[in-house]
Amino acid sequence: MLERLFSLRAEGTTTRTEVLAGIATFMASMYIIVVNPGILSAAGVPFSAALTATVLVSFFGSLMMGLYARNPILVAPGMGINALFAYTMVLGGGMSWEVALGCVFWAGVIFAVLAMFNVRRLVIDAIPAQLRYAIACGIGLFITLIGLVNAKLIVSNPVTVVSVAPMTPSLVVFLLGLALTAILVAKRIHGALIIGIIVTTLMATTIGRLWGDGSAYFPPEIAQPTLVNFTGIFAAPDFSGLLALDLLGSLKVAYAPFIFVILFTVFFDALSTFMAVAEAGNLKDENGDPRNIRRSMMVDAFSALVSAPLGTSPANAYIESAAGISQGGRTGLVAVVVALCFLPFLFLAPLLSLVPSIATAPALILVGVFMMEPIGKIHWHQFDDAIPAFIAMVMIPLTYSITHGIVFGFLSFVVIKLGVGKAREIRPTMWVLFALSLLLLLEG
């Protein structure tokens, strides 16, 4: 049945490889189950209700991505957009979280219409190959930065902006886990990322028990010295956030900029993620475009649309999907496995405390390595191509935003091509993207 559904042999993979890839993707991204509710709760969304919504959206979105789009890509509530929801729209904009969910819904409706009419085809055609390669590499650097920040090896510094943290027992465990995982990857051991996560978790059980203090890896209100903690097994789901959105209240003219920003962010986060993982795993069609991109965008749009009724900020495709693709994942079976891994945590959320961030960080860092391959395809000696590509690549991690990195890439591409007299290389759709990018930048 699996062979008939996913054509495993034709894709050069096996059920075992796909299952391991799905587990690797889940373990690299399961933090979202507790991190997303933590951010949304700052806006007043009940934590347990947001957790239930996060699990449901991740399950349904990933399942559809696997069965309908047949791609090995996780869909879950997006990081960054949840912060926009909580801190900009609710706390900064003064709207209620129910109205903010209404804005998310209307953005999802527009996204679904754009996906249905295949607008992404015009967008992909307008983005030059050099920027595509740069976006893929930039996302790889972004994933690596996320891993380094999660491990707290890279920390903020008021003098130098960022710096290397002082060495602690927790960082020693992380570095040992990174070294082990890197060696396993270099030796091409099957399931290297999963093995690295498991072994690093086992080593991390000593933190706060035999040596060191892991309290820096927790929010201040729940800080504790032990890094790996058993807090129970079962927790009942909370459906109080279901259908709590305010559809009419969110249609005020004053909220239109928020709907636009949500739409722009989820659309380009999805498109750039599909392009990046396609480059990383060579998952392309005969035209060199990301495989099954139209269906994938439809799934992403539908997932964003149903996020609001379920009670969370919009879902989108996850760059952590590259963890499974790097393990050999090729088909939609990977996404189905990820979906099935999420579902039990409707009832088993306390078990997530057993895997600390220093255990998943090595996998994220090495995924960044895997995604840097397209850098050799950039025309570094042709500066009108190289400069926009470089700007897009570095601005994705430096702004901590895929969307803002793409915006700066689009803007610099158009300005430089105009400046050197190559306006004919700017396709009509790119002018539209330029105007939208400028508008998003001005909106802040």
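All residue numbers here refer to positions counted from 1 along the written sequence of the relevant chain. Given that this is a predicted model, residues contribute local features only at a pLDDT of at least 70 and side-chain atom pairs are listed and counted only at 80 or more, while totals for whole chains, interfaces and linings are drawn from all residues. The basis for every side-chain value is the complete set of non-hydrogen atoms in the structure, without hydrogens or water.

**Student:** What am I meant to see in the environment of L153 here?
**Tutor:** Helix numbers and strand numbers start at the N terminus; a helix is a DSSP run of H or I with at least 4 residues, a strand a run of E with at least 2. Structurally, the position occupied by L153 is in the loop between α8 (129–150) and β2 (154–157). The classification of residues rests on relative accessible area computed with a 1.4 Å probe and restricted to protein chains. Under 20% of the type maximum is buried, over 50% is exposed, and intermediate values are partly exposed. The buried category is assigned to L153, whose relative accessible area is 15%. Residue contacts are defined here by distance: any two heavy atoms, one from each residue, within 4.5 Å place the two residues in contact. Filtering out sequence-adjacent residues up to four positions away, L153 remains in contact with L148, S163, V164, A165, L171, F174 and L175.

**Student:** Can you help me understand the packing of helix α5 (residues 81–92) against helix α11 (residues 256–281) in this one?
**Tutor:** Pairs of packed helices are described in terms of their axes, by the angle between the two and the distance that separates them. Every angle, taken between N-to-C directions, lies between 0 and 180 degrees, and every axis is a line fitted to C-alpha atoms, over only the stretch in contact when it is a helix. In contact at an axis separation of 11 Å, α5 and α11 are set at 165° when each is read in the N-to-C sense. Taken as axis vectors, α5 and α11 run roughly antiparallel relative to one another. Relative to α11, α5 is oriented so that their crossing is right-handed. In contact with I81, L84, T88 and M89 of α5, α11 contributes F258, V261, I262 and T265. Classification used: nonpolar for Ala, Val, Leu, Ile, Met, Phe, Trp, Tyr, Cys and Pro, charged for Asp, Glu, Lys and Arg, polar for all others including Gly. Taken together, the residues of the contact of α5 with α11 break down into six nonpolar, two polar and no charged. Relative orientations are named as follows: roughly parallel for angles under 35 degrees, roughly antiparallel for angles over 145 degrees, roughly perpendicular for angles from 65 to 115 degrees, and oblique for any other angle. Rotating anticlockwise by less than a right angle from the far helix to the near helix defines a left-handed crossing, while the corresponding clockwise rotation defines a right-handed one.

**Student:** Explanation requested: the packing of aromatic side chains in the structure shown.
**Tutor:** Two numbers describe a pair of aromatic rings. These are the distance of the centres and the angle of the planes. What counts as a ring pair is set by centres within 6.5 Å for rings of Phe, Tyr and Trp (its six-membered ring), and what kind of pair is set by the plane angle: stacked under 30 degrees, edge-to-face over 60, tilted for all other angles. Scanning the model with the defined rule gives seven aromatic pairs in all. On the basis of an interplanar angle of 90° and a centroid distance of 5.0 Å, the ring pair of F26 and F342 is categorised as edge-to-face. Here F26 is found in helix α2 (residues 15–29), whereas its partner F342 is found in helix α14 (residues 332–342), with 316 residues between them in sequence. When its relative accessible area of 6% is taken as the criterion, F26 is described as buried. The exposure class of F342 is buried, given its relative accessible area of 0%. Taking the centre distance of 5.1 Å and the plane angle of 85° together, the rings of F142 and Y400 count as edge-to-face. Placement of F142 in helix α8 and of Y400 in the loop between α16 (383–398) and α17 (402–419) is noted, with a sequence separation of 258 residues between them. Judged by relative accessible area, F142 falls into the buried class, the value being 8%. Accessibility expressed as a relative area gives 42% for Y400, which makes it partly exposed. Ring pairing ties together the aromatic residues F26, F342 and F345, which thus form one cluster.

**Student:** Would you explain unusual backbone geometry in this entry?
**Tutor:** One can expect most non-glycine residues to show negative phi and most peptide bonds to be in trans. Of note in this structure, S7 is not a glycine but carries a positive phi near 50°. Looking at S7, the relative accessible area reads 33%, which means it is partly exposed. In this model, K152 sits at a positive phi of 65°, which is unusual for a non-glycine residue. Taking the relative accessible area as the measure of exposure, K152 reaches 31% and is therefore partly exposed.

**Student:** Explain the confidence of the model for the protein to me, please; I cannot follow it from the model alone.
**Tutor:** Keep in mind that low pLDDT regions are not for reading the predicted coordinates in detail. With 99% of its residues at a pLDDT of at least 70, the protein reaches an overall mean of 86. The weakest mean pLDDT in the protein belongs to helix α7 (residues 119–126) at 73; the strongest belongs to helix α9 (residues 169–186) at 94. The predictor attaches a confidence to each residue, called pLDDT, with possible values from 0 through 100.

**Student:** Help me understand the pairing of strand β3 (residues 161–164) in this model?
**Tutor:** The side chains of a regular strand alternate, residue by residue, between the two faces of the sheet. Here, strands pair whenever DSSP counts at least two bridges between them. In terms of strand pairing, β2 meets β3 through four bridges, oriented antiparallel. When the sheet's bridge partners are listed, V155 is paired in β3 with S163. From the end of β2 to the start of β3, which pair antiparallel, there are three residues.

**Student:** Explain a nonpolar patch on the surface here, please?
**Tutor:** On the surface, F230, I233, F234 and F347 cluster together to form a nonpolar patch covering roughly 470 Å² of accessible area. With respect to the helices and strands, the residue I233 is situated in the loop between α10 (192–204) and α11. Exposure remark for I233: the relative accessible area of 37% places this residue in the partly exposed category. For patches, a residue must show more than 30% relative accessible area and have no salt bridge; joins then use 9 Å for like charges and 5 Å for nonpolar side chains, namely Val, Leu, Ile, Met, Phe, Trp and Tyr. For accessible areas, the Shrake-Rupley method is used with a probe of radius 1.4 Å. Any residue's cover is judged against the shown protein chains and nothing else. Salt bridges, as used here, are contacts in which a Lys or Arg side-chain nitrogen is within 4 Å of a carboxyl oxygen on Asp or Glu.

**Student:** Which parts of the structure should I look at to understand α5?
**Tutor:** Think of an α-helix as 3.6 residues a turn; residues three or four steps apart then line up on the same face. Given a helix with a known number of residues, its expected span is that number minus one, times 1.5 Å. Taking 1.5 Å per residue, twelve residues should reach 16 Å; α5 reaches only 14 Å between its end C-alpha atoms and comes up short. Here α5 has its buried residues at I81, N82, L84, F85, A86, M89 and V90. Against α3 (32–41), α6 (97–116) and α11 lie the buried residues of α5. Downstream of α5 by a residue or two, G94 has a phi angle that is positive, lying close to 80°.

**Student:** Looking at this model, I keep getting lost on the side chain of R291. Mind explaining?
**Tutor:** One can find R291 in the loop between α11 and α12 (293–310). Relative accessible area serves as the criterion here: at 12%, R291 is assigned to the buried category. Counted as a polar contact is a pair of N or O atoms within 3.5 Å, where, for protein atoms, one must be capable of donating a hydrogen and the other of accepting one, and residues adjacent in sequence contribute only when both atoms are in side chains. Among the polar contacts listed, one links the side chain of R291 to the backbone oxygen of R70, at a separation of 3.5 Å. Discounting residues that sit within four places of it in the chain, R291 has contacts with E11, R70, N71, P72, L283, K284, D285, S296, R330 and T331.

**Student:** I'm lost on the pattern of salt bridges in this one. Help?
**Tutor:** Between side chains of opposite charge, a pair can form when the charged atoms approach closely. All chains considered together, the criterion is met by four salt bridges. Between E425 and K417 there is a salt bridge whose closest N-O contact spans 2.7 Å. Judged by its relative accessible area of 35%, E425 is partly exposed. Within the structure, one salt-bridge network assembled from shared partners comprises D384, D385, K417, K422 and E425.

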